[in-house]
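Residue-level structural notes
Here is how the chains run, residue by residue.
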Amino acid sequence: MKVPISIKIEKRLLTILFSISGLLSIDLKSNKNKILCYHSISQKNDNFSISVKEFRKQILKLSKTKTISNINEVMSNKIVNNNRVVITFDDGFRDVFENVYPLFKTFDIQGCVFVVGENYLNSKAKKSDKLTLNQLKMLNKAGWDIGYHSYSHKDLTILSKKELEFEIAESKKELEKKLGFKINYFAYPFGGYSRKVVNVVEKSEYKAAFTVDGGSMGEANVFKMSRVCMSRHIKAGDLEFLLTDVGLCINSIVAKIVRLKDIMKSF
Ligand SMILES: [Zn+2]
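The residue numbering used here restarts from 1 in each chain and proceeds along that chain's sequence as written. In keeping with the model being predicted, local features are shown solely for residues with a pLDDT of at least 70 and side-chain atom pairs are shown and tallied solely at 80 or more, while totals for entire chains, interfaces and linings include all residues.

**Examining the pairing of strand β7 (residues 145-148)**
Looking along a regular strand, one sees side chains alternate from face to face of the sheet. Inclusion rule: The burial label depends on the number of other C-beta atoms within 10 Å of a residue's C-beta. Counts of 20 or more mean buried, 12 or fewer mean exposed, and intermediate counts mean partly exposed, with C-beta atoms placed from the backbone. Strands here are runs of E lasting at least two residues and helices are runs of H or I lasting at least four, both read from the DSSP assignment and numbered beginning at the N terminus. In short, DSSP must find at least two bridges between two strands for them to pair.
A two-sided burial pattern is seen for β7, the buried positions comprising Asp145 and Gly147 on one face and Ile146 and Tyr148 on the other. Pairing of strand β6 (residues 112-115) with β7, which is carried by 4 bridges, proceeds in the parallel orientation. Looking at β7, one finds that Cys112 is bridged to Asp145.

Dropping the structure here:
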C-alpha cells in the first residue's frame, strides 16, 4: 500500500520529537481535554480506516491514562483541562455499530457519531455501509450522541447562503423528525469552514460545532471546537506523544495538508 507523503512526514516528526523530548527530559504532559475524530473502524484500505484490533489497543491505552467522556459531559462542564478525551466518528459508518458499540459497552463509555443527512433523507443515496436509522436510535438510547455532518458532505466553504441553510439547518430538522430527538452538534465536512459557514451553524439550533484543526479543546468559540483527526498510521504507541501540545501542533499542520488534498479529490 502506498503511504501518503504527509503521513510519512508526520510519523517521522513524531518519532524524532518523542526521542528528543526523552533525551532532554522535557515534560510534555498536557491535561487539556481533547476530542478525537475517527472515521471507519474496519479493515478497509484507506487512510481513515483503523482496524478493530488497533482501535481496541488505542482505547485501552487512553482508558489507562485519561478519562474517556462523552461530548455532553465535556461541553456542559466547561472545564477544558481535566484530562478528558472524547471519541467521535465522522460519516456514520455501520462498522461503528458493529465494531465499536460492543467494545464501548464493555468500557461503559459512549461516543458521538456525525452522520450525513442524505443517507436517511434520500432513498437514492448509496448507503449500504452506513448506520441505519434504527441503529442511530439504539446508539442514542445507549447514551451516544448523534451529531450532523451536513446533508451531502460537500465542501461548505464554496456554497451559497441558501445552500448552506439547507445543508446545515433545514435537512437537520427533517432528520430530527425521523429520529424523534434533537441533534445538538455539528461537524464540518473535511473540517472546512468559513465565517459564512459558522454564522449559519450558529443560527441553526446547535450547541457546538467541530473542526479537525488539531489541538486541544479550546474555550474561545464553541462553534470552532478543535478535534484531532486519527489516521491509520497513528498507532496506540504514538498516542502519548501525539496528545501533548507539541504532538498536537504537528498533527494540526498535517491535518491542513490532508484536508486540502481531500477537497481537491472531491472535485
Ligand atoms: Zn466526513
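So much for the structure itself; the text now carries on.
**Some thoughts on the packing of helix α7 (residues 161-179) against helix α8 (residues 195-202)**
For clarity, the threshold we go by: Think of each axis as a best-fit line through the C-alpha atoms, taken over the contacting stretch in the case of a helix, with angles from 0 to 180 degrees between the N-to-C directions. Geometric relationships in this document are graded by angle, where less than 35 degrees denotes roughly parallel, more than 145 denotes roughly antiparallel, 65 to 115 denotes roughly perpendicular, and other angles denote oblique. Crossing handedness follows the turn of the near helix against the far one: under a right angle anticlockwise gives a left-handed crossing, and clockwise gives a right-handed one. With C-beta atoms placed from the backbone, a contact is any residue pair whose C-beta atoms sit within 7 Å. Gly counts as polar in this scheme, as do all residues outside two lists: the nonpolar Ala, Val, Leu, Ile, Met, Phe, Trp, Tyr, Cys and Pro, and the charged Asp, Glu, Lys and Arg.
Axis separation between α7 and α8 bottoms out at 10 Å; the angle between their running directions is 45 degrees. Overall, the two elements α7 and α8 adopt an arrangement that is oblique. Viewed along their axes, α7 and α8 form a crossing whose handedness is right-handed. Between α7 and α8, the contacting residues are Lys161, Leu164, Glu165, Ile168 and Ala169 on the first element and Lys196, Val197, Val200 and Val201 on the second. Considering only residue class, the contact of α7 with α8 consists of 6 nonpolar, no polar and 3 charged.

**A short note on helix α2 (residues 52-65)**
The condition is simple: To estimate the expected span of a helix, count its residues, drop one, and scale the result by 1.5 Å.
Under the 1.5 Å per step criterion, the end-to-end length of α2 is 20 Å for 14 residues, consistent within 8% with the ideal 20 Å. Contacts from the buried residues of α2 go to β2 (40-41), β3 (49-50), β4 (67-69), β5 (84-90), α4 (95-107) and α9 (239-242).

**As for α8**
We count it as follows: By construction, the arc corresponds to the directions joining the helix axis to the C-beta atoms.
All buried positions along α8 are accounted for by Val197, Val200 and Val201. All buried residues of α8 lie within an arc of 100 degrees about the axis, which places them on one face of the element. Where the residues of α8 are buried, they touch α7, β8 (185-187) and β9 (208-210).

**What about unusual backbone geometry?**
Of note in this structure, Ser150 is not a glycine but carries a positive phi near 80 degrees. By the secondary structure assignment, Ser150 is in the loop between β7 and α7. Of the residues examined, Ser150 has 26 C-beta atoms within 10 Å and is grouped as buried. You will see that Phe190, though not glycine, has its phi angle at about 60 degrees, which is positive. Its place among the elements puts Phe190 in the loop between β8 and α8.

Such coordinate-based values are descriptive only and should not be taken to indicate function.
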